[in-house]
Amino acid sequence: MVSWEECSKTQPRVVRLLKNSIRKQRLAHAYIFEGAHGTGKMATATVLAKTFLCRNSEDGNPCESCSNCKRITSGNHPDVHIITPDGQNIKIDQIRGLQKEFAYSGMESSKKVYIIEHADKMTVQAANSLLKFLEEPGNDTIALLLTEQVHRLLDTIRSRAQTLTFSPLPPQGILKKLLQDDIPKPVAMLASSLTSDYAEALEICREEWFAQARAKVIQLTEDLRLRPDYCLVVLQDQYLSFFKEKDQLRLALNLLLIWYRDLLSIHLSNSENVVFFDQLQALEQQALHTSQKKTGEALQAILTAQARLRSNVSPLMVMEQLVLRLREG
């Protein structure tokens with residue numbers, strides 16, 4: 001169960017500002033929670049909604065026992081509306097549906113909360129429709145816009161909401177907690193480099209698929225180094241058949257990015273920063289056969305592949321072209 005106490009462990013400044021506003025009954029009608037993936041934006045939004053709707057809150061804390069708290073915890077409160085992208089975008093019909101819902105009085109009370117995840121993915125029409133909604137706030141309504149790319153929101157939307165920045169968590173702090181939970185260090189090191197959220201890192205580590213994904217990426221780097229002509233042959237059979245979904249392929253690219261960052265660390269004599277520390281010998285061997293310049297080009301090629309994948313280019317085409325670029329290095 002997420003609480004203010006848990007949120008304050010990672011975002012003390014944000015929690016302090018919100019709780020002070022709650023105690024003084026000065027909550028804004030709209031907030032933008034901006035920060036990297038995994039920094040606890042949704043968890044904080046949930047606790048804020050719970051506190052706002054709680055029947056027995058005390059000193060800015062939800063009671064956790066009233067019907068409102070319990071229903072928000074279970075994710076089925078009728079007066080808490082969560083909007084997520086429909087496909088690639090948040091569409092105008094979703095915002096219109098939200099406005100229609102808010103035209104009615106609350107089911108449990110007069111208060112209502114709406115949370116828009118990935119608010120930067122609103123279409124222009126959806127953003128303009130939301131803007132009109134923000135310009136006429138209800139007395140008992142709170143809007144929470146969550147985004148990793150605040151600069152992509154309309155300036156007019158940003159001017160009508162209070163922006164709270166969620167700080168990234170230090171990987172070392174996450175790593176320490178993972179090791180305390182008996183997560184093997186090679187897996188813990190990698191997970192703590194992928195997310196700034198401890199709960200998400202722990203979930204990643206406990207998935208058997210993740211350990212297999214790590215092994216697949218290490219094997220790919222070995223194939224690129226020792227059997228470059230063999231890479232395209234096995235790409236579809238061994239790699240794309242494993243990383244079937246786009247989210248899985250994005251993870252594979254992130255792991256590759258970390259590998260080549262490690263390789264750059266070897267070139268710069270910063271081996272203490274290596275994430276794939278148990279593969280140090282393989283990284284040193286690869287560094288002997290490639291230049292720092294080529295490693296930089298490989299990193300750029302992976303970043304380009306990530307951007308192309310987000311643009312809905314065929315995953316097979318993205319990976320084939322990436323492997324060809326990496327093979328050159």
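Residues numbered from 1 in each chain as written. Predicted model: local features only at pLDDT ≥ 70, side-chain atom pairs only at ≥ 80, totals over all residues. Heavy atoms only, no water.

**Here we look at the sheet that holds strand β2 (residues 80–83)**
So, point 1. Here five strands make up an open sheet; going across it, the order is β2-β3-β4-β1-β5 and the pairing parallel. What marks the edges here is a single partner per strand, and that holds for β2 and β5 (162–166). The average undirected angle you get between the axes of adjacent strands in this sheet is 15°.
So, point 2. As defined by bridge partners, strand β1 (residues 30–35) adjoins strand β4 (residues 141–147) across five bridges and the pair is classed as parallel. Bridge pairing in β4 links A30 to A143. (Pairing = 2+ DSSP bridges. Helix = DSSP H or I, 4+ residues; strand = E, 2+ residues; numbered from the N terminus. Axes fitted to C-alpha atoms, helices over the stretch in contact; angles between N-to-C directions.)

**Considerations on the environment of F276**
So, point 1. Tracing the backbone through its elements, the reader meets F276 in the loop between α13 (246–267) and α14 (280–288).
So, point 2. Sequence separation between F276 and I218 is 58 residues; the distance between their C-alpha atoms is 9.1 Å.
So, point 3. Residues contacting F276, with those up to four places away along its chain left out, are L190, R214, I218, L255, I258, W259, D262 and L283. (Contact = heavy atoms within 4.5 Å.)

**A few points about the packing of aromatic side chains**
So, point 1. All chains considered together, the criterion is met by nine aromatic pairs.
So, point 2. Ring plane angle 90° and centroid distance 5.7 Å describe the contact between F102 and F133, whose orientation is recorded as edge-to-face. One end of the pair, F102, is in helix α5 (residues 92–102); the other, F133, is in helix α6 (residues 124–135), with 31 residues separating them in the sequence. Accessibility assignment for this pair places F102 and F133 in one class, buried.
So, point 3. An angle of 65° between the planes, with centres 5.1 Å apart, marks the rings of W259 and F276 as edge-to-face. You can see W259 sitting in helix α13 and its partner F276 sitting in the loop between α13 and α14, a full 17 residues away along the chain.
So, point 4. Relative accessible area serves as the criterion here: at 2%, W259 is assigned to the buried category.
So, point 5. Ring-pair connections join several aromatic residues into one group, and the members of that group are Y31, F33 and F166.
So, point 6. The ring centre of F52 lies 4.8 Å from the NZ or CZ of K111, which sits over that ring. (Phe/Tyr/Trp six-rings, centres within 6.5 Å; stacked < 30°, edge-to-face > 60°. Buried < 20%, exposed > 50% of the residue type's maximum accessible area, 1.4 Å probe, protein only. Lys NZ or Arg CZ within 6 Å of the ring centre and 35° of its normal.)

**Comments concerning the side chain of T141**
So, point 1. Tracing the sequence through the fold places T141 in strand β4.
So, point 2. Residue contacts for T141: discarding those within four places in its chain leaves H29, F52, F102, K112 and Y114.

**Let's talk about the environment of A213**
So, point 1. For A213, the position within the fold is in helix α11 (residues 208–226).
So, point 2. By relative accessible area, A213 is classed as buried at 0%.
So, point 3. Taking C-alpha positions, A213 is 22 Å from Q285, a pair spaced 72 residues apart along the chain.

**Structural notes on the domain arrangement of the chain**
So, point 1. The assigned domain composition of the chain is domain 1 (4–165), domain 2 (169–206) and domain 3 (207–328).
So, point 2. Computed from C-alpha coordinates alone, the two centres of domain 1 and domain 3 are separated by 38 Å. (Domains from an automatic or database assignment.)

**Here's the deal with the environment of K19**
So, point 1. Mapped onto the elements, K19 comes out in helix α2 (residues 12–23).
So, point 2. Placed 29 residues apart in sequence, K19 and L48 show a C-alpha to C-alpha distance of 8.8 Å.
So, point 3. Aside from chain neighbours lying at most four places away, what touches K19 is W4, D59, G60 and N61.

**Quick notes on the packing of α5 against α6**
So, point 1. It is at 8 Å that the axes of α5 and α6 come closest, and there the two elements cross at 20°. One finds that α5 runs roughly parallel with respect to α6. In this structure, α5 uses I92, I95, R96, L98, Q99 and F102 to contact α6, whose residues at the interface are Q125, A126, S129, L130 and F133.
So, point 2. Taken together, the residues of the contact of α5 with α6 break down into seven nonpolar, three polar and one charged. (Parallel < 35°, antiparallel > 145°, perpendicular 65-115°, else oblique. Nonpolar A, V, L, I, M, F, W, Y, C, P; charged D, E, K, R; others polar.)

**Comments concerning the pattern of salt bridges**
So, point 1. Scanning all chains against the criterion turns up twelve salt bridges.
So, point 2. Between K50 and E64 there is a salt bridge, and its shortest N-O distance comes to 3.1 Å. Highlighted residues: K50 in helix α3 (residues 41–53) and E64 in the loop between α3 and α4 (67–74), separated in sequence by 14 residues.
So, point 3. Classification of K50 as buried rests on a relative accessible area of 3%.
So, point 4. When the shortest N-O distance is used, the salt bridge between E222 and R227 registers 3.6 Å.
So, point 5. Of the residues examined, E222 reaches a relative accessible area of 29% and is grouped as partly exposed.
So, point 6. Judged by relative accessible area, which is 31%, R227 ranks as partly exposed.
So, point 7. Where salt bridges share partners, they join E222, D223 and R227 into one cluster. (Salt bridge = Lys/Arg side-chain N within 4 Å of Asp/Glu carboxyl O.)

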